[in-house]
Amino acid sequence: MTTSPPPSLDPFVEIERLKRDRRAVIMAHYYQDPDIQDIADLIGDSLQLAQAATQTEAEVIVLAGVHFMAETAKILNPSKTVLVPDLAAGCSLADSCPPDRFKAFIDSHPGHLVVTYVNTSAATKALTDICVTSSNAERIIRQLPPEQPILFGPDQHLGRYIMKTTGREMTLWPGSCIVHEAFSEKAILGLRARHPEALVIAHPECEETILQHADHIGSTSGLLSFVQRSDARAFIVATEEGIIHQMRKHAPDKTYIPAPTHTGCACSQCPFMRLNTLEKIAACLRDLQPQVNVPEEVRVRAERPIRRMLEMS
């Protein structure tokens, strides 16, 4: 278990000191707590973090996100030390696609090209032909031969959205994200009636009942780009609310309204992402623990679909 630094230490100061001492870089996902976003050397979505992992010269990578993101960094940097602030920071989507069941699914569909969302474990990536993210999935699917049958997993909602935008039939694994399935269509429509000037923007991991009301659908980084260039002054944001911190930083003169969930709250936070804290980041830099490692045989097989994704992006 990760230990915390003594309470007398300022975590902001301690992180900066330890980062220098360890020759470390902190990479954070947009869904992290705002304080973590603000101390990160690089912040991005899954594609941006994967790309950054291929370019860093740091000796130590702290991945402030969830476990599969740290695995991806280790797959691409086998000689570097990769740390995650809390090993319990998993992912409901990755957990919905265990490698043994996914292999059986693949075996039952011979001749299919296996395309998986990067939100999967290293062992599941090792069964994959090409990885994708929500940023590049449509672009990559359009590059595949039209006669090639495709298995797509694990997010069924992203897969269904890509089928709609590309016209490609795909066989979908029935996985999903607990955060993006929590939004309430009824509550969003009520919110839209109270804010008719606001555009609804949504991540493609949301259910079709949400996407059908969206004025814009995009990846996390795509939503951030959209609010910066849009002439609209207000947005109802249907994704994990951590991205709103960056929206307010990059377009501070606009209004951002978190989309409500089925519970009625505007509290779309990933419970796994939010396990990370400044104190845990300081502790993992101090102790160089917990480390994320991937067995070499799995790492080599998992690296191929990631590299292919980066080439096709």
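Note on numbering: residues in each chain are counted from 1, in written sequence order. Whole-chain, interface and lining totals are the exception, using all residues; otherwise, since this is a predicted model, local features are given only for residues with pLDDT of at least 70 and side-chain atom pairs are given and counted only at 80 or more. For the side-chain quantities, the full set of heavy atoms in the structure was used; hydrogens and water were omitted.

S.K.: Outline unusual backbone geometry, listing residues and values.
M.R.: Following Gly-153, the chain continues into Pro-154 via a peptide bond in cis, with omega recorded as -5 degrees. Mapped onto the fold, Pro-154 is located in the loop between β7 (150-153) and α9 (156-166). Omega for the peptide link from Gln-289 to Pro-290 comes to -5 degrees, which places this bond in the cis form. Relative to the helices and strands, Pro-290 resides in the loop between α14 (278-287) and α15 (296-312). The phi angle at Arg-23 is positive, at roughly 50 degrees, despite the residue not being glycine. Numbering goes from the N terminus for both helices and strands, where a helix is a DSSP run of H or I of at least four residues and a strand is a run of E of at least two. Relative to the assigned elements, Arg-23 resides in the loop between α1 (11-22) and β1 (24-29). With a phi close to 55 degrees, Leu-288 is a non-glycine residue in the positive phi region.

S.K.: Mind laying out the packing of aromatic side chains, listing which residues take part and the relevant values?
M.R.: Pairing of aromatic rings covers Phe, Tyr and Trp, the last counted by its six-membered ring, and requires centre-to-centre distances within 6.5 Å; plane angles under 30 degrees mean stacked, over 60 mean edge-to-face, and any other angle means tilted. Summed over the entire model, instances satisfying the criterion amount to five aromatic pairs. When the ring of Phe-226 is compared with that of Phe-235, the centres are 6.3 Å apart and the planes differ by 80 degrees; the resulting orientation is edge-to-face. Considered together, Phe-226 and Phe-235 belong to a single accessibility category, that of buried residues. Judged by centre distance (5.8 Å) and plane angle (15 degrees), the ring pair of Phe-235 and Tyr-256 falls under stacked. Of this pair, Phe-235 sits in strand β11 (residues 234-238) while Tyr-256 sits in strand β12 (residues 255-258), and the two are 21 residues apart along the sequence. Among the aromatic residues, those joined into a ring-pair cluster are Phe-102, Phe-105 and Trp-173. The rule is simple: take the accessible area with a 1.4 Å probe, protein chains only, and divide by the maximum for that residue type; under 20% is buried, over 50% is exposed, in between is partly exposed.

S.K.: Lay out empty space enclosed by the protein in plain terms, naming residues and giving numbers.
M.R.: Using protein atoms alone on a 1 Å grid, points that fit a 1.4 Å probe yet trap it form a cavity, whereas open point sets bounded by protein on both sides within 12 Å along at least five of seven lines form a pocket; residues with an atom within 4 Å of a point count as lining. Grid points are joined across faces, edges and corners, and a volume is the space filled by probe spheres set on the points. Summed over all chains, the structure comprises two cavities of 30 Å³ or more. In this structure, the largest cavity occupies an estimated 260 Å³ of space. Among the secondary structure elements, those contributing two or more residues to the lining of the largest cavity are α3 (46-53) and α4 (67-76). Tallied by class, the residues present in the lining of the largest cavity amount to 13 nonpolar, eleven polar and three charged. In this structure, the second largest cavity spans a volume of roughly 70 Å³. Put simply, the parts of the chain that give the lining of the second largest cavity at least two residues each are α3 and α4. Of the residues belonging to the lining of the second largest cavity, the class tally is nine nonpolar, two polar and no charged. All amino acids are sorted into three groups, where Ala, Val, Leu, Ile, Met, Phe, Trp, Tyr, Cys and Pro are nonpolar, Asp, Glu, Lys and Arg are charged, and the leftover types, Gly among them, are polar.

S.K.: Describe the pattern of salt bridges, naming the residues involved and giving the relevant values.
M.R.: Oppositely charged side chains are able to pair whenever their charged atoms sit close together. Should a side-chain nitrogen of Lys or Arg be within 4 Å of a carboxyl oxygen of Asp or Glu, the pair is scored as a salt bridge. As enumerated under the stated definition, the model contains 18 salt bridges in all. Glu-138 is the salt-bridge partner of Arg-142, the closest N and O atoms lying 2.9 Å from each other. A residue pair is termed a helical-turn pair when its members lie 3 or 4 positions apart in one helix, as Arg-142 and Glu-138 do in helix α8 (residues 137-143) at four residues. The residue Arg-299 makes a salt bridge to Glu-296 at a minimum N-O spacing of 2.9 Å. Separated by three residues within a single helix, Arg-299 and Glu-296 lie in helix α15, roughly one turn from each other. For Arg-299, a relative accessible area of 9% translates into the label buried. On the basis of relative accessibility, which here comes to 45%, the residue Glu-296 falls in the partly exposed class. Several salt bridges share partner residues, and in doing so they unite Glu-296, Arg-299, Glu-303 and Arg-307 into one network.

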